Amino acid sequence: PRDVEGDDLLAHFAAKDWKPETRKGAKNACVSYFRWLKASGRSEADPSEFLPTVKRPEPHPRPCPDVVILTALRKATDGERLMLRLGAECGLRRFEIAKVHSRDVMRDLVGWSLVVVGKGDKQRIVPISEDLAERIGGAHGWLFPGRWTGHVEKSYVSRHLTRLLPKGWGPHSLRHRYATRMYETTHDLLLVSKLLGHSSVETTQIYVAMPDSRLRAGLDAVTLAG
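Overview of the structure.

Parameters at a glance
- Residues numbered from 1 in each chain as written.
- Predicted model: local features only at pLDDT ≥ 70, side-chain atom pairs only at ≥ 80, totals over all residues.
- Heavy atoms only, no water.
- Buried < 20%, exposed > 50% of the residue type's maximum accessible area, 1.4 Å probe, protein only.
- Helix = DSSP H or I, 4+ residues; strand = E, 2+ residues; numbered from the N terminus.
- Pairing = 2+ DSSP bridges.
- Contact = heavy atoms within 4.5 Å.
- Axes fitted to C-alpha atoms, helices over the stretch in contact; angles between N-to-C directions.
- Disulfide = S-S within 2.5 Å.
- Core = buried A, V, L, I, M, F, W, Y, C linked by side-chain atoms within 4.5 Å.
- Arc of directions from axis to C-beta.

1. Focus on the pairing of strand E3 (residues 123–128)
Residues Arg124, Val126 and Ile128 line the buried face of E3, whereas the alternating positions Gln123, Ile125 and Pro127 sit on a face that is not buried. Both strand E2 (residues 112–117) and E3 contribute to a ladder of 6 bridges, which runs antiparallel. Along E3, the bridge assignment pairs Val116 with Arg124. What sits between the antiparallel neighbours E2 and E3 is a turn of 5 residues, in which Gly120 has the positive phi angle 65 degrees.

2. Some thoughts on the environment of Arg85
Within the secondary structure, Arg85 sits in helix H4 (residues 78–88). Taking the relative accessible area as the measure of exposure, Arg85 reaches 17% and is therefore buried. As a C-alpha pair, Arg85 and Leu73 span 12 residues in sequence and 8.8 Å in three-dimensional space. Sequence-distant contacts of Arg85, that is, excluding residues within four places in its chain, are made with Leu73, Cys90, Ser129, Asp131 and Leu132.

3. Let's talk about the sheet that holds E2
Read across the sheet, 3 strands follow the order E1-E2-E3 without closing on themselves; strand pairing throughout is antiparallel. A single partner strand is all that each edge strand has here, and the edge strands are strand E1 (105–107) and E3. In this sheet, neighbouring strand axes are inclined to one another by 35 degrees on average, regardless of whether the strands run parallel or antiparallel.

4. A few points about the state of the cysteines
Under the criterion given, the structure shown has 0 disulfides. The cysteine Cys64 is free of any disulfide, with Cys90 supplying the nearest cysteine sulfur at 15 Å. Classification of Cys90 as buried rests on a relative accessible area of 1%.

5. Here we look at the nonpolar core
In terms of nonpolar packing, the biggest core is built from 39 residues, with Leu84, Leu86, Leu92, Leu114, Ile136, Phe144 and Leu174 touching the most fellow members. Here this core gets 5 residues from one element, more than from any other, and that element is H4. Leu84 has contacts with Ala72, Leu73, Ala76, Leu161, Leu164, Leu165 and Leu174, leaving out every residue within four places of it along the chain.

6. As for helix H1 (residues 6–14)
Here H1 has its buried residues at Gly6, Leu9 and Phe13. Down the axis, H1 shows its buried residues gathered within 65 degrees of arc, on one side only. H1 presents Asp7 and Ala14 as exposed residues on the side facing more than 90 degrees away from its buried surface.

Listed below in structure tokens is the structure:
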């Protein structure tokens, strides 16, 4: 590593046919490593300084349309319907869906809620409907038990949701749908961020599409009367 020069890194990165996200991650890893190498006195130079900035395309919200979800529900099994609802009605990630347990259901002053353990083992409380609470509570254990013990893996949930949803509407689009609907109703981006388990409101903005009702109202306002 001490023999690596800036031209070596440039040539290495130029030869890779990476997506912007992969390229940015690789660059960050290189920068962290070579900065540490120099700071610790193991090298006199930092060749990563020669790497150019990696620009990532701005992601856009992709909320799954209700008509797509309803079609998927009609052909789903009972377990798959629960997966779809937990994604679309609760905004859960795939690994969060996989480990839903009956003990996670709780009743508060205004209704039923689900305790979700997200990334970094951070807990959040998500409101759920009474019938969904009954279905989860009635599992008396893991909602999606594993073959031998514990719960199913994230890949299990992903495989089932991907089979149900048409091309272009992946499992994560259910979470985008939840975020968009919640924001359209509450107009509170911070609240939506908390419900999604995001550490930053900036991340939540990627999930929230402009509400259709406001877009349609804007269209009516700009349409010329004949």
